[in-house]
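The residues making up each chain are set out below.
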Amino acid sequence: LFDGIYPFYLQQRKVSVFDISTIIVIVVFLTFTCSFLLIIPGIRGRARLYWTLRVLLSLVVGVVIVAVQFTGDWETGWVKANTSYKSFSRALVNADIGLHVGLGGVNVTLMGNPVNQVNETINYNEHFAWSFDANYDRSYGEGLEKGLPSPILYVAEKFTTQSPCGVHRQYRISSHYASATLWVAFCTWLISNMLFSMPVLVYGGYMLLVTGAFMIFSLLSFSTVRSSPMCLIQFGTATLHTVYGGSFWLTLAIGLLCIMAGITVVALHYFNLDLLKTFFDLREDKAEEYQEMAEVYVNSHFVNKGL
C-alpha cells in the first residue's frame, strides 16, 4: 500500500472493439478467401464472376455472424469531463470516458486529455465480463483491489448485481439470447451453403431467409435493454449517453442482405429459373450439346445395308 491506497500498476487490458478472438476469426475467413482467389483463375467465362460474387458474399456473411460475437461495440458512448482520478485524492483530471457494451460484457475506457496528467499516464481500458461462465461482481471486486481509477469503477458499478440501477440481469440475459440466436444463424448459413452446392437452390434461398431472420431476432433481443430505464452516468454536469454501435448496425445490414438475397433466389426459382441456373453455373450450353452430337460415329456398313 502507498499511504493507505492501492497502487496503480500495469496489467493486461482488453481492447474495447477488437480482441484476439475477433482477429482469429478474421484471419480464418481471410485464409478461405485467399484460397478461393488462388483457384478462381481456373474458372472460365462469366462463371468466374458469378463464382466470385457468390463466394465472397457468403464469406462476408459468415465472418460478420461470428466476429460480432466477440466485438465490444454493440452499444457505445463517450463523454468528456473533469473528474476525480482516484479515491482519497482531490486531484482532478480532464479525460474522455467511454462505455462499450458487447455481448460478453462491458469495456470502460479512460483516456486523459492530455494523456500525461498528475505525473501519471492516464490511458485505461478495462473489461468486465457478464457471460454465464464469468462473475461480474468478482471482476468488479478485483478492480477495486487493483485500485483502478474512480471513473472506471463508477461506470462499472452501474452494472453490478447490487447496483440500484438493476440493469445487470437485463443486459446479461438479452446478450446471452442475442449470442445464442447468432450461433443459430451461423448454423443456418452453413446449411444454406450446403444446399446451394448440392444444388437445391430454392431451399438454399429459404435457409438464407432463415439466417437473416435469426440475425434480426438477435438485434431485437439485444434492443430490449433499451426499453428499461437506465441510471444516469454523470460526471459533474456532463452525462454519458449510449447509442447503438457499429456491430449492431453491421449485423442489421448483413441480416437485411441475407433476407434480400433469399427473396431474390426464391423469386427467380419460380419466375426465371434459367437466370438462376446461369448465376449458379448450372445451365447447360446448347452449343456444347450440338458439339457432342456431332461427335457421334455412324457405321456406314449398317446404313448401306438398311438402304
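Here, the structure is the one placed above.
Procedures and definitions
- Residues numbered from 1 in each chain as written.
- Predicted model: local features only at pLDDT ≥ 70, side-chain atom pairs only at ≥ 80, totals over all residues.
- Heavy atoms only, no water.
- Salt bridge = Lys/Arg side-chain N within 4 Å of Asp/Glu carboxyl O.
- Helix = DSSP H or I, 4+ residues; strand = E, 2+ residues; numbered from the N terminus.
- Buried < 20%, exposed > 50% of the residue type's maximum accessible area, 1.4 Å probe, protein only.
- Axes fitted to C-alpha atoms, helices over the stretch in contact; angles between N-to-C directions.
- Parallel < 35°, antiparallel > 145°, perpendicular 65-115°, else oblique.
- Left-handed = near helix turned anticlockwise from the far one by under 90°.
- Core = buried A, V, L, I, M, F, W, Y, C linked by side-chain atoms within 4.5 Å.
- Contact = heavy atoms within 4.5 Å.

A. Broad picture of the pattern of salt bridges. Summed over the entire model, instances satisfying the criterion amount to one salt bridge. Measuring nitrogen to oxygen at the nearest pair gives 3.4 Å for the salt bridge that ties E120 to K86. In this pair, E120 sits in strand β4 (residues 120-129) while K86 sits in the loop between β1 (75-84) and β2 (92-101), placing the two residues 34 residues apart along the sequence. Look at E120 and you get partly exposed, because its relative accessible area is 22%.

B. Representation of unusual backbone geometry. Look at the link from N113 to P114: it is a cis peptide, with omega at 10°. Structurally, the position occupied by P114 is in strand β3 (residues 105-117). With an omega of -5°, the peptide bond running from M198 to P199 counts as cis. The topology assignment puts P199 in the loop between α5 (168-197) and α6 (201-223). Phi is positive for N119, which is not a glycine, with a value near 60°. In this fold, N119 is placed in the loop between β3 and β4.

C. View of the packing of α6 against helix α7 (residues 246-271). The contact between α6 and α7 brings their axes to 8 Å, and the two run at 155°. Relative to α7, the element α6 lies roughly antiparallel. Taken as a pair, α6 and α7 cross one another with a handedness that is left-handed.

D. Local environment of the nonpolar core. In this structure, W74, L99, V106, L110, F128 and F159 are the most contacted members of the largest nonpolar core, which totals 59 residues. The element best represented in this core is helix α2 (residues 47-67), accounting for nine residues. Excluding residues within four positions of it along the chain, V106 makes contact with L99, H100, V101, E126, H127, F128, W130, Y136 and F159. Judged by nonpolar contacts, the second largest core, of six residues, contains F196, L201, V265 and F280.

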